[in-house]
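Structural description and commentary
Here is what each chain is made of, one letter per residue.
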Amino acid sequence: MIFDLGQITSHFDIKIKGVIHVGAFVGEELLAYRSLGLTNTLLFEPQKHLYEIVSNKCLADERVFNVALGSHPHTAEMYISHTEGGVENGSGASSSLYRPKKHLTEHPQVKFNTKEEVRVECLDHFLEDNNIGTSGYNFLNIDVQGYELEVLAGAIKFLPQVDMAIIEVNRDEVYENCPMVGEIDQLMNIHGLGRAHTFWQSESWGDALYVRT
């Protein structure tokens, strides 16, 4: 995680009650959440082999679901990323429901040789259908390689209770037709969340911190 959660929660005087993390990869943020005393964590990871890795790491109150999130329920083909050296070197981390575009030239070591059919659900509907109460969750982390706006569009009921969010954002087409950071800003602003800081990891993409204003 590029942001120090302890520092930013202290700076903005926000207490995180629970986490919804979309795009878990191998669950590397679990240790950061636990360091703040958080185990009230819901994670979503559509890639089957990564889901199994995260599942084996979860403690009693940490739950992971083998599903992608978006604006409407459907099945879709995910472009699976491969990096030499396996998951330890980030293989699978760049997988997306959008076709890779500038990613191919910005990160040429990452290949997209295979696809995987995944199930896509709306966060709002998924929580309701699985009888998961949302009052204990006020932090949202979305890292889904260009599909972030789709995830947010399916979480409209949940967003009003979010006090802080970390969202991967783009200022170029890293993936075909992926939304730009201004579109993410617009939706978040509607729900009372403003972009407080952006850490650009390349000329095209980075991670944005949103805080309730």
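Residues numbered from 1 in each chain as written. Predicted model: local features only at pLDDT ≥ 70, side-chain atom pairs only at ≥ 80, totals over all residues. Heavy atoms only, no water.

Considering the packing of aromatic side chains
Counting across every chain of the model gives five aromatic pairs. Taking the centre distance of 5.0 Å and the plane angle of 75° together, the rings of Phe65 and Phe126 count as edge-to-face. With a gap of 61 residues between them, Phe65 in strand S3 (residues 62-65) and Phe126 in helix H5 (residues 123-129) connect regions that are remote in the sequence. Like Phe65, the residue Phe126 is buried in the burial classification. Members of the aromatic cluster, each reached through a chain of ring pairs, are Phe44, Phe65 and Phe126. (Phe/Tyr/Trp six-rings, centres within 6.5 Å; stacked < 30°, edge-to-face > 60°. Helix = DSSP H or I, 4+ residues; strand = E, 2+ residues; numbered from the N terminus. Buried < 20%, exposed > 50% of the residue type's maximum accessible area, 1.4 Å probe, protein only.)

Remarks on the sheet that holds strand S5 (residues 74-82)
Read across the sheet, three strands follow the order S4-S6-S5 without closing on themselves; strand pairing throughout is mixed. A single partner strand is all that each edge strand has here, and the edge strands are strand S4 (68-69) and S5. (Pairing = 2+ DSSP bridges.)

Here's the deal with the pairing of strand S2 (residues 41-44)
Residues Thr41 and Leu43 point to one face of S2 and Leu42 and Phe44 to the other, with burial holding for every one of them. Here four bridges tie strand S1 (residues 19-22) to S2, and the two strands are oriented parallel to one another. Paired with Ile20 across the strands is Leu42, a residue of S2. Bridging between S2 and S3 involves four bridges; their strand directions are parallel. Note on S3: the bridge partner recorded for Leu43 is Val64. Following the chain from S2 across helix H3 (residues 48-57) to the adjacent parallel S3, one finds a crossover that is right-handed. (Right-handed = clockwise from strand over helix to strand, strands pointing away.)

Quick look at the environment of Leu127
By the element assignment, Leu127 lies in helix H5. The sequence separation of Leu127 and Leu152 amounts to 25 residues, and the corresponding C-alpha distance is 14 Å. Those residues in contact with Leu127 that lie beyond four places of it in its chain are Ile20, Leu42, Ile132 and Thr134. (Contact = heavy atoms within 4.5 Å.)

Considerations on helix H7 (residues 181-190)
Residues three or four positions apart in an α-helix share a direction because the helix packs 3.6 residues into each turn. Of the residues making up H7, those classed as buried are Val181, Ile184, Asp185, Leu187 and Met188. Looking at the packing, one finds that the buried side of H7 touches helix H6 (148-153), strand S8 (164-170), strand S9 (193-200) and strand S10 (205-212). One or two positions beyond H7, positive phi appears at Gly192, with a value near 80°.

Here we look at the sheet that holds S3
Sheet architecture is open: seven strands sit in the order S3-S2-S1-S7-S8-S10-S9, paired in mixed fashion. Strand pairing shows two members of the sheet lacking a second neighbour, S3 and S9, which therefore form its edges. With strand direction ignored, the average angle separating the axes of adjacent strands in the sheet is 20°. Two strands pair when backbone bridges link them, and S1 and strand S7 (residues 139-142) are joined in this way by four bridges, in the parallel orientation. (Axes fitted to C-alpha atoms, helices over the stretch in contact; angles between N-to-C directions.)

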